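In case you want the letters, here they are:
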2 protein chains.
Amino acid sequence: MKILAEIYSQGEEVVTGQILDSNATWLAQQLQTIGFKLKRHTTVGDHLQDLADTFVEISKRADFCVCTGGLGPTSDDLTAAALALASGLELAFDADALANIESYFARRHRPMPETNRKQAFLPQGSVRIDNPVGTAPGFSLQLGRCLFVCLPGVPTEMKAMFTQSVLPQLPLKFELKPDRLISLRTVGIGESAIQQALKNLQLPDDVELGFRAALAEVQVKLLFPDYYTDSQIHSWVDTVKGLLGDEVYAIEGLDAAVSGDLLAVIDNLMCLHQHELVLMESVSFGLLAHTCLLKSWLKHAILIHPQEYSESEYRRHLEILQTQYPEAIGLTQSCQHTLAEIADPNQTITLRICLHTPALDYHKDFVLAGSLNYKQQQAATYTLDFLRRYLSNLCL
Amino acid sequence: MKILAEIYSQGEEVVTGQILDSNATWLAQQLQTIGFKLKRHTTVGDHLQDLADTFVEISKRADFCVCTGGLGPTSDDLTAAALALASGLELAFDADALANIESYFARRHRPMPETNRKQAFLPQGSVRIDNPVGTAPGFSLQLGRCLFVCLPGVPTEMKAMFTQSVLPQLPLKFELKPDRLISLRTVGIGESAIQQALKNLQLPDDVELGFRAALAEVQVKLLFPDYYTDSQIHSWVDTVKGLLGDEVYAIEGLDAAVSGDLLAVIDNLMCLHQHELVLMESVSFGLLAHTCLLKSWLKHAILIHPQEYSESEYRRHLEILQTQYPEAIGLTQSCQHTLAEIADPNQTITLRICLHTPALDYHKDFVLAGSLNYKQQQAATYTLDFLRRYLSNLCL
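Since this is a predicted model, take the numbers as computed values, not measurements. (Residues numbered from 1 in each chain as written. Chains lettered and ligands numbered in written order. Predicted model: local features only at pLDDT ≥ 70, side-chain atom pairs only at ≥ 80, totals over all residues. Heavy atoms only, no water.)

(A) Structural context of the overall build of chain A. Assigned secondary structure in chain A consists of 14 helices and 17 strands. Considering chain A as a whole, with its 396 residues, one finds that 53% of them fall into the buried category. Within chain A, residue pairs in contact and separated by at least 24 positions form 65% of the contacts whose partners lie at least 6 positions apart. Summed over all atoms, the accessible surface of chain A reaches about 17500 Å², with 52% contributed by carbon and sulfur. In chain A, the 31 positive side-chain charges and the 46 negative ones have mean positions that sit 2 Å from each other. (Helix = DSSP H or I, 4+ residues; strand = E, 2+ residues; numbered from the N terminus. Buried < 20%, exposed > 50% of the residue type's maximum accessible area, 1.4 Å probe, protein only. Contact = heavy atoms within 4.5 Å. Areas by Shrake-Rupley, 256 points an atom, 1.4 Å probe, with all protein chains shown as cover. Lys, Arg positive; Asp, Glu negative; His and termini not counted. Charge placed at Lys NZ, Arg CZ, Asp CG, Glu CD.)

(B) Structural detail: the packing of helix 3 (residues 48–61) of chain A against helix 4 (residues 79–87) of chain A. Residue and element names in this part refer to chain A. For the pair helix 3 and helix 4, interaxial distance at closest approach is 8 Å and the crossing angle is 55 degrees. As the angle between them shows, helix 3 and helix 4 are arranged oblique. Like other packed secondary-structure pairs, helix 3 and helix 4 cross with a definite hand, here right-handed. Contact residues: helix 3 offers Leu48, Gln49, Leu51, Ala52, Phe55 and Val56, while helix 4 offers Thr79, Ala81, Ala82, Leu83, Leu85 and Ala86. Classifying every residue of the contact of helix 3 with helix 4 by side-chain character gives 10 nonpolar, 2 polar and no charged. (Axes fitted to C-alpha atoms, helices over the stretch in contact; angles between N-to-C directions. Parallel < 35°, antiparallel > 145°, perpendicular 65-115°, else oblique. Left-handed = near helix turned anticlockwise from the far one by under 90°. Nonpolar A, V, L, I, M, F, W, Y, C, P; charged D, E, K, R; others polar.)

(C) Seen up close, the packing of helix 10 (residues 262–273) of chain B against helix 14 (residues 372–391) of chain B. Residue and element names in this part refer to chain B. Interaxial distance between helix 10 and helix 14 falls to 10 Å at its minimum, and their mutual angle equals 40 degrees. Of the possible angle classes, the one that applies to helix 10 and helix 14 is oblique. As for the relative orientation of helix 10 and helix 14, their crossing is left-handed in sense. Touching Leu262, Leu263, Val265, Ile266, Leu269, Met270 and His273 of helix 10 are Thr381, Leu384, Asp385, Leu387, Arg388 and Leu391, all from helix 14.

(D) View of the interface of chain B and chain A. Taken together, the contact between chain B and chain A spans 53 residues of the former and 53 residues of the latter. In this assembly, chain B packs against chain A so that about 4600 Å² is buried in total across both faces, 54% of it on carbon and sulfur atoms. The largest share of the area that chain B buries against chain A comes from Arg40, His290 and Leu293 of chain B, three residues that together contribute 15% of it. At the boundary of chain B and chain A, one finds 6 salt bridges. For Lys39 of chain B, the salt bridge goes to Asp50 of chain A, with nearest N and O atoms at 2.6 Å. (Buried area = accessible area lost by both parts, 1.4 Å probe. Salt bridge = Lys/Arg side-chain N within 4 Å of Asp/Glu carboxyl O.)

(E) Quick look at the relation of the copies chain B and chain A. Placing chain B over chain A gives an RMSD of 0.7 Å and needs a rotation angle of 180 degrees, together with 0.6 Å of translation along the axis. On the angle and the small slide along the axis, the relation comes out as a two-fold axis. Interface overlap between copies is the fraction of interface residues in one copy that are interface residues in the other; for chain B against chain A it reaches 100%, indicating a shared surface. (Least-squares fit on C-alpha atoms with pLDDT ≥ 70 in both.)

(F) Quick look at the pairing of strand 16 (residues 349–356) of chain B. All names here are of chain B. The buried fraction of strand 16 amounts to 6 of the 8 residues, a majority that puts the element mostly inside the structure. Across 5 bridges, the pairing between strand 15 (residues 329–334) and strand 16 is antiparallel. By the bridge assignment, Gln333 is partnered in strand 16 with Ile353. As paired elements, strand 16 and strand 17 (residues 361–368) share 8 bridges and run antiparallel to each other. Among the inter-strand pairings, Cys354 is bridged to a residue of strand 17, identified as His363. Between strand 16 and strand 17, which pair antiparallel in sequence order, lie 4 residues. (Pairing = 2+ DSSP bridges.)

(G) How the structure looks around the sheet that holds strand 1 (residues 4–10) of chain B. With mixed pairing, the 12 strands of this open sheet are ordered in space as 6(A)-7(A)-8(A)-3(A)-1(A)-2(A)-2(B)-1(B)-3(B)-8(B)-7(B)-6(B). Looking along the sheet, the strands with just one partner apiece sit at the ends: strand 6 (127–129) of chain A together with strand 6 (127–129) of chain B. The mean inter-strand angle of the sheet, taken between neighbouring strand axes irrespective of direction, is 20 degrees. Of the pairings in the sheet, the one linking strand 1 (residues 3–10) of chain A to strand 3 (residues 64–68) of chain A comprises 5 bridges and is parallel in character. The partner of Ile7 of chain A across the bridge, within strand 3 of chain A, is Val66 of chain A. The strands that helix 3 (residues 48–61) of chain B touches are strand 2 (36–44) of chain A together with strand 1, strand 2 (37–44), strand 3 (64–68), strand 7 (138–143) and strand 8 (146–151) of chain B; relative to strand 1 of chain B, the one it contacts most, it runs at about 175 degrees.

(H) Spotlight on the sheet that holds strand 17 (residues 361–368) of chain A. Residue and element names in this part refer to chain A. Pairing is mixed in the open sheet, where 5 strands are placed in the order 14-13-15-16-17. On the outer flanks of this sheet lie strand 14 (298–303) and strand 17, each paired with one strand and no other. Going across the sheet, the axis of each strand differs from the next one's by a mean of 15 degrees, ignoring polarity. This element, helix 14 (residues 372–391), spans strand 13 (277–281), strand 15 (329–334), strand 16 (349–356) and strand 17 of the sheet and lies at about 150 degrees to strand 17.

(I) Summary view of the side chain of Gln378 of chain B. Residue and element names in this part refer to chain B. Mapped onto the elements, Gln378 comes out in helix 14. Since its relative accessible area comes to 7%, Gln378 is described here as buried. Within the local environment of Gln378, its side chain forms a polar contact with the backbone oxygen of Ala369, the two atoms lying 2.7 Å apart. (Polar contact = N/O pair within 3.5 Å; in protein donor to acceptor, adjacent residues only side chain to side chain.)

(J) Quick look at the pattern of salt bridges. Residue and element names in this part refer to chain A. Under the criterion given, the structure shown has 38 salt bridges over all chains. For Arg388, the salt bridge goes to Asp385, with nearest N and O atoms at 2.6 Å. Taken together, the positions of Arg388 and Asp385, both in helix 14 and 3 residues apart, correspond to about one turn of that helix. Judged by its relative accessible area of 6%, Asp385 is buried.

(K) Spotlight on unusual backbone geometry. All names here are of chain A. Its identity is not glycine, yet Asn393 carries a phi of approximately 60 degrees, on the positive side. With respect to the helices, strands and loops of the structure, Asn393 is situated in the segment after helix 14. Since its relative accessible area comes to 70%, Asn393 is described here as exposed.

(L) How the structure looks around the environment of Leu48 of chain A. Residues and elements named next belong to chain A. Within the secondary structure layout, Leu48 lies in helix 3. Judged by its relative accessible area of 35%, Leu48 is partly exposed. Residues Leu48 and Leu78, spaced 30 residues apart in sequence, show a C-alpha to C-alpha distance of 6.4 Å.

(M) Seen up close, helix 9 (residues 230–244) of chain B. Residues and elements named next belong to chain B. The end-to-end C-alpha distance of helix 9 is 21 Å, a good match for the 21 Å that 15 residues give at a rise of 1.5 Å each. Ile233, Val237, Val240 and Leu244 are the residues of helix 9 that are buried. Relative to the axis of helix 9, the buried residues are bounded by an arc of 60 degrees and lie together on one face. For helix 9, the exposed residues lying more than 90 degrees away from the buried face are Ser231, Asp238 and Gly242. Where helix 9 is buried, its residues touch strand 9 (180–186), helix 8 (191–197), strand 11 (217–224) and strand 12 (248–252). (Expected span 1.5 Å × (residues − 1). Arc of directions from axis to C-beta.)

(N) Up close: the nonpolar core. Judged by nonpolar contacts, the single largest core of 82 residues is most densely connected at Leu277 and Leu387 of chain A together with Leu277 and Leu387 of chain B. Here Leu277 of chain A is in contact with Met270, Trp297, Leu298, Lys299, His300, Ala328, Ile329, Leu331 and Leu387 of chain A, once residues within four sequence places are set aside. (Core = buried A, V, L, I, M, F, W, Y, C linked by side-chain atoms within 4.5 Å.)

(O) The domain arrangement of chain A, seen in detail. All names here are of chain A. Examined at the domain level, chain A breaks down into domain 1 (3–173), domain 2 (180–260) and domain 3 (263–391). Just the C-alpha atoms count here: the centres of domain 2 and domain 3 sit 28 Å apart. Contacts between domain 2 and domain 3 engage 11 residues on the former and 10 residues on the latter. Both sides of the domain 2 and domain 3 interface together cover about 870 Å² of buried area, and 64% of this is carbon and sulfur. Contact with domain 3 buries area across many residues of domain 2, yet Val187, Leu215 and Ala216 alone supply 52% of it, more than any other trio. Joining domain 2 to domain 3, the criterion identifies 1 salt bridge. Its salt-bridge partner being Arg389, residue Glu247 comes within 3.3 Å of it at the nearest N-O pair. Run the count over domain 2 and domain 3 and you get 2 residue pairs in polar contact (both at pLDDT 80 or more). The element that contributes the greatest number of residues to the side of domain 2 that touches domain 3 is strand 12 (residues 248–252), accounting for 3 residues. (Domains from an automatic or database assignment.)

Now the structure itself:
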């Protein structure tokens, strides 16, 4: 029997679509991972009775609910009042909460505005949750069947409080049996080709298979119930990986060894082999450099504007790179298409990716489609993946 | 009296946080703009009774509801069945719907899988909404107080059907009186400085003032009820703009003349003055080039890796740029900080932005704070804004 959880977001700016509710997505992932069954998200604007009604509804059908937003100092921040109304409780002044808020302002050498006093009034009998990064304290309260945890809507505050204060308590309060989610992350193969590759796969009925396509990446997801053993899971994952081949660049959820996005995988390999990299971008035009800036193995990057591209420009820049960094791997894009062709969403273009090492050169042509932005993303991803394949001794 | 609208999203992948529900945000904006009062979003997973219960709840409190998702061909696509259950209706076969689905596959020279037949069964008495870009037809049905419109979850299909078929019908079915939303978009001034600048502003009680902070940008939002005249609105917007000053780079919602993001504003000015631009990035390291790739006025971009930065490197590159593009505006970043300092979220850094014209040079120092990614974003935005100020003849 799964423990039922819901997410409850509050705020006019969410319900009117001024901001995307990334809090709800993040929280749902967290709760799902540790074993809750997610049933609903509800978003309600800043109206006291609506907010209170929703607390009452959720209290009848869920075991656990995380609420975000509505804890600020202004008059439209109504969460504490709404939960008090729903529970038939008063708001009570919490002296420690006020002391925390005052010390937040004192550390910043600013006077506490009088409006912030409001944040120290919590529903009677609730348990305060301190906010290490902002002024708004959170709180938890049991109402009916449901334990409610109310956190601020600011993502950095919400995440810090959830991770530090809420998450460690949950296994003590609920008997959670998490499913095991394994993601095989692939690059360079489309969703339909993946389905084709897996068409003869005979998974047990209780293992769920799912797909998730993102920019230039497809994730194959396997969800195993908690009674599957490690070796059963490994065996099924090996089978799926065998069907998919070298396009799988990382497997998440299996063990710590291989995980993270494509850049993280390459970072590991570059550091392991102590390689250095120089980069020449055309179609992605800075996207790759910008993404890799922090990596110590990236030594230099040159951009060639597609309008300026010519074979001789390419050669000239390559020579500069190879003279300045004779030991580094050179990773370059060359593209003969005009900017108009690259920007045209109905036009496919060919991008040549080359990898130059002191010993040998490799190259491969890739076909890119879609909008300019999508082509830039694909160019950056395929260029990185070409490097991954070289570093992993795979066929180029 | 406002007409009350809700959004209802269906699908395990949304409720478990595998995807961000951008449909809900987009729909909320659309409905708010034309004059609905948005009350709730609800997201429910793929369980028939839960889905039907939610239809019943919404039918009692809202006038209009857009539902997305659950119209696909597979067994976990349950929207039609759930709405039929909630309404006490049967599903009825729609021969025209099947003909449309068959022709979708015929145009692609593929046989229609048998599972797609399911998509031609709609709740009895509902009005079909054809899908111009996919297989799943939508439908609308009145239940209780609420008119439900059910659309596919695939964003391109949902948006095409909403825009072409649903939106034109809404003013015929509801007496909508849209509020007027004006956004003053600012760059280079923080939210608290904005609140300080506006502290003596005495807006009428029926005009709502709001703020929205994004990466290196703050939007000041004014919401006017429908009975405000154009000249009243212009007068209040002028007052607010006067208090905020040159940090306002665009005003959206007032008229078509000035709108769009910072890049769009600069694009207009660059094209108007027929200027050309060359770029040298350090801290943003490719982010700006990548963003401006499509603009015809961007002639060349050079990246200097922060580890390589020195006064002489900077001079050498600037000379190359000025020799190759003597007529262009040169926009450069110089930064003496190490990469470790730039990447340290607790360290502030100083970025010098210079603008070189054939006649004169300008420069200004900016302090950047936060994570590497945030500093990169700030560097890119402030660099663009320095160009905007020059092009607009503002004080640099």
